[in-house]
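For reference, the chains in residue letters:
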Amino acid sequence: MNENEVLQVAALENDFAAFVAVDWGDREHSWALQAAGSQKRETGKFAHTPNAIEEWVAGLAARFGERPMAVALEQSRGALINALSRYPYLTIYPIAPAASAAFRNFAAPSGSKSDRQDADMLLQMLLGHRDKFRALRPDNEQTRKLKALVELRRQLVDQKTAATNQLTAHLKLYFPQALNWFDETSSPLMVDFLRNWTTLAQLQAAKPKTILTFLNRHNCRSAARNQKRLEEIASARPLTIDAVVIESSALMVATLLDVIENLRQGISRMEATIEQLFATHPDYAIFASFPGAGPTLAPRLLAAFGSDRSRFTSAVEVQTFSGIAPVIWQSGRSRWIHFRWACPKFLRQTFHEYANASIQFSDWARAFYDKQRSKGKGHHAAVRSLAFKWIRILFRCWQTRTSYDEVIYQ
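Residues numbered from 1 in each chain as written. Predicted model: local features only at pLDDT ≥ 70, side-chain atom pairs only at ≥ 80, totals over all residues. Heavy atoms only, no water.

1. Details of the pattern of salt bridges
Moving on, step 1. The tally for this structure, following the rule as stated, stands at 14 salt bridges.
Moving on, step 2. With a shortest N-O distance of 3.3 Å, aspartate 158 and arginine 154 are connected by a salt bridge. Remark: arginine 154 and aspartate 158 occur in helix H6 (residues 141–174); sequence separation between them is four residues, near one turn of the helix.
Moving on, step 3. According to the relative accessible area criterion, aspartate 158 is partly exposed, its value standing at 40%.
Moving on, step 4. The partner of aspartate 258 in a salt bridge is arginine 195, with the nearest N and O atoms 2.8 Å apart. Remark: arginine 195 occurs in helix H8 (residues 188–196) and aspartate 258 occurs in helix H12 (residues 243–279); sequence separation between them is 63 residues.
Moving on, step 5. Relative accessible area serves as the criterion here: at 40%, arginine 195 is assigned to the partly exposed category.
Moving on, step 6. Overlapping salt bridges, with partners in common, bring together Arg154, Asp158, Arg300 and Glu353 in one network. (Salt bridge = Lys/Arg side-chain N within 4 Å of Asp/Glu carboxyl O. Helix = DSSP H or I, 4+ residues; strand = E, 2+ residues; numbered from the N terminus. Buried < 20%, exposed > 50% of the residue type's maximum accessible area, 1.4 Å probe, protein only.)

Here it is, written out as structure tokens:
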């Protein structure tokens, strides 16, 4: 977005024909409206169906002639956001739940609550404090798709981690030896091993040659380690002989193996799509140039900034919005600097994980991290300090469309 477009958006935001707030509901949404220049409040409801949403928006368009309207919503994504984003005359203002909850406590100290009250409260926030909220300006389709995919990939990874932890817990109940014979519980090797021999009894009934053939087929070619595995298998003693524990846990393990395998395949497919999208993005060279970003974090960094250069006016905005910047609380002689809790968690996680990865690939990042640790900071505090510094560099490269060069930086 160029300077003229920014000025046009700013002008539109000061020339709204109406101000609308919608309290999201699973089945229906309550709304409150106040036309520009009027003190009258109007309220109503519409069902959460495509036809009802389209009919409600059409009514607004007919009444106000498709002039710009401001719409406050207590969410930044979801079905309703997706439905309303298609109408160019609606400027959407996402309001964080923490902000609306704090305002609700102020506006209704009695604790009373209803959907209509919530819609009215959001409208009050929109009318009186619009300058505190950032209007939603969607990125282009390619960037939005990339952002959606990197977040969904992370969700699948978290699900796979949870399933792996469950698998480990059940193996510890009846077959703990299997955890010692392989390095990674969710690896294809371990999954195939447990598919063949779900219990110790099944494994010990197999011929050593069969087990050795399996190991060699999975590229486990260390003769010494394979021989040690065979010896430990032969001498292993069951943790329990309770058939109830063994049979029920073995059935659960077999189920979890299917879950882990399906998740791994899903993650691989998603990563292939992310790689293709990222490689063809106009900002690919910028984010691929950062040390330690790699195929996972580089697309996440691009998604974090987006394609709209007017979204952030300074690196400070990115640092605070992402939650990397600390919060300073001061009253009288008391002063407390603490971790920022209210922020987009995935965004903060992206910068934190990238800063941690950069330590292995950037000399100055390693030196900076070591210096923070020498001051007594813990690992995560030192990484956040490094992320704070990286954001300034990332922001500058993003704004100027310049690839990172460590020699120039140093």
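2. Section: the side chain of threonine 143
Moving on, step 1. Turning to its location among the elements, threonine 143 is positioned in helix H6.
Moving on, step 2. Judged by relative accessible area, which is 1%, threonine 143 ranks as buried.
Moving on, step 3. Looking at threonine 143, its side chain comes within polar contact range of the side chain of asparagine 140, at 2.8 Å.
Moving on, step 4. Residue contacts for threonine 143: discarding those within four places in its chain leaves His281, Leu302, Gly306 and Ser307. (Polar contact = N/O pair within 3.5 Å; in protein donor to acceptor, adjacent residues only side chain to side chain. Contact = heavy atoms within 4.5 Å.)

3. Considering the nonpolar core
Moving on, step 1. Phe287, Phe290, Phe305, Phe351 and Trp390 are the most contacted members of the largest nonpolar core, which totals 48 residues.
Moving on, step 2. For this core, the secondary structure elements donating two or more residues are H6, H12, helix H13 (284–288), helix H14 (294–305), helix H15 (315–321), helix H16 (345–358), helix H17 (363–374) and helix H18 (379–400).
Moving on, step 3. The contacts of tryptophan 390, once residues within four sequence positions are left out, are Phe290, Pro291, Tyr354, Ala355, Ser358, Ser362, Trp364, Ala365 and Tyr404.
Moving on, step 4. Counting 29 residues, the second-largest nonpolar core is a separate cluster that includes Ala163, Ala178, Leu200 and Val253. (Core = buried A, V, L, I, M, F, W, Y, C linked by side-chain atoms within 4.5 Å.)

4. Digging into the sheet that holds strand S5 (residues 90–94)
Moving on, step 1. Read from one edge of the open sheet, five strands run S3-S2-S1-S4-S5, paired in mixed fashion. Both outer strands of the open sheet, strand S3 (42–47) and S5, are each paired with one neighbouring strand and no more. Recorded for the sheet is a direction-independent mean angle of 25° between the axes of neighbouring strands.
Moving on, step 2. Here helix H2 (residues 50–64) sits on the sheet in contact with strand S1 (18–23), strand S2 (28–35), S3, strand S4 (69–73) and S5, set at roughly 145° to S3. (Pairing = 2+ DSSP bridges. Axes fitted to C-alpha atoms, helices over the stretch in contact; angles between N-to-C directions.)

5. Things to note about the packing of H8 against H12
Moving on, step 1. Across the interface, H8 lies against H12 with an axial gap of 10 Å and an inter-helix angle of 145°. Judged by the sense of rotation from one axis to the other, the crossing of H8 with H12 is left-handed. Residues Pro188, Val191, Leu194 and Arg195 of H8 touch H12, and the partners they reach there are Val253, Leu257, Asp258, Ile260, Glu261 and Arg264.
Moving on, step 2. Of the residues in the contact of H8 with H12, the class split is six nonpolar, no polar and four charged. (Left-handed = near helix turned anticlockwise from the far one by under 90°. Nonpolar A, V, L, I, M, F, W, Y, C, P; charged D, E, K, R; others polar.)

6. Observations concerning the packing of H6 against H16
Moving on, step 1. At a minimum axis separation of 12 Å, H6 and H16 run at an interaxial angle of 85°. Considering the angle they form, H6 stands roughly perpendicular to H16. Of the residues in H16, those in contact with Val150, Glu151 and Arg154 of H6 are Phe346, Gln349 and Glu353.
Moving on, step 2. In the contact of H6 with H16, the residues fall into two nonpolar, one polar and three charged. (Parallel < 35°, antiparallel > 145°, perpendicular 65-115°, else oblique.)

7. Brief notes about H17
Moving on, step 1. In this model H17 runs 17 Å from its N-terminal to its C-terminal C-alpha over 12 residues, within 8% of the 16 Å that 1.5 Å per residue would give.
Moving on, step 2. Residues of H17 that are buried: Trp364, Ala365, Phe368, Tyr369 and Gln372. For H17, the angular spread of buried residues about the axis comes to 135°, placing them on one side. More than 90 degrees from the buried face of H17, the exposed residues found are Asp363 and Ser374.
Moving on, step 3. Those residues of H17 that are buried are in contact with H16, H18 and helix H19 (406–409). (Expected span 1.5 Å × (residues − 1). Arc of directions from axis to C-beta.)

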